[in-house]
Amino acid sequence: EEGARLVTGGLEAPPNTPTSGYFIKPTIFADAHNDMTVVREEIFGPVLCIIPYESEEEAIDIANDTIYGLSNAVIGANQEHAMKIASRLRSGQVHVNTLSRGPTSPF
């Protein structure tokens, strides 16, 4: 409704899921921006919003423009540069060139 483009997935339940509960297919939205509801609200599910950016500064601004800030990830060929970018992100945890989680992670 706000202009993000549905690439795949959606509200239908994946095949072979329980009949009770709330299940959606893994979903990807493209052409999103930070003032869209799907980006601003915390969605617990397999949902990814792709937000284009023109520069590293803009990418950092986008990443920091949230009230949640639970986790970020920086992926890059130059580890030192990726660490510099990571140090500018405001979140509880920042993964650099990995998406591992600890053994006590609830998800």
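Cut-offs used in this document
- Residues numbered from 1 in each chain as written.
- Predicted model: local features only at pLDDT ≥ 70, side-chain atom pairs only at ≥ 80, totals over all residues.
- Heavy atoms only, no water.
- Buried < 20%, exposed > 50% of the residue type's maximum accessible area, 1.4 Å probe, protein only.
- Helix = DSSP H or I, 4+ residues; strand = E, 2+ residues; numbered from the N terminus.
- Arc of directions from axis to C-beta.
- Contact = heavy atoms within 4.5 Å.
- Core = buried A, V, L, I, M, F, W, Y, C linked by side-chain atoms within 4.5 Å.
- Pairing = 2+ DSSP bridges.
- Patch = residues over 30% accessible without salt bridge, like charges linked within 9 Å, V, L, I, M, F, W, Y side chains within 5 Å.
- Areas by Shrake-Rupley, 256 points an atom, 1.4 Å probe, with all protein chains shown as cover.
- Salt bridge = Lys/Arg side-chain N within 4 Å of Asp/Glu carboxyl O.

Caption draft 1: View of helix α3 (residues 79–86). Every buried residue of α3 is listed here: Ala82, Ile85 and Ala86. Around the axis of α3, the buried residues are gathered within 100° of arc, so they sit on the same side. Along α3, exposed side chains directed more than 90 degrees from the buried face belong to Glu80 and Lys84. Taken together, the buried residues of α3 touch α2 (56–64), β4 (71–74) and β5 (93–96).

Caption draft 2: Examining the nonpolar core more closely. Among the nonpolar cores identified, the biggest contains seven residues, and these are Ile60, Val74, Ala82, Ile85, Ala86, Leu89 and Val96. A per-element tally of this core places α3 first, with three residues. Beyond its immediate sequence surroundings of up to four residues, Leu89 is in contact with Ile60, Ala63, Asn64, Asn72, Val74 and Val94.

Caption draft 3: Seen up close, the environment of Ala73. Along the chain, Ala73 falls in strand β4. For Ala73, a relative accessible area of 40% corresponds to the partly exposed category. C-alpha of Ala73 to C-alpha of Ala63: the two residues are 10 residues apart in sequence and 9.7 Å apart in space. If we ignore the near neighbours within four places in the chain, the residues touching Ala73 are His95 and Leu99.

Caption draft 4: A look at the pairing of strand β2 (residues 25–30). Where strand β1 (residues 5–10) lies against β2, four bridges are found, and the strand directions are antiparallel. Following the sheet pairing, Leu6 is matched in β2 by Phe29. As defined by bridge partners, β2 adjoins strand β3 (residues 47–49) across three bridges and the pair is classed as parallel. Bridge pairing in β3 links Ile28 to Leu48.

Caption draft 5: Quick peek at a nonpolar patch on the surface. A surface patch of nonpolar side chains, amounting to about 350 Å² of accessible area, comprises Ile67, Tyr68 and Leu70. With respect to the helices and strands, the residue Tyr68 is situated in the loop between α2 and β4.

Note that all results are geometric; they support no functional claim without further evidence.
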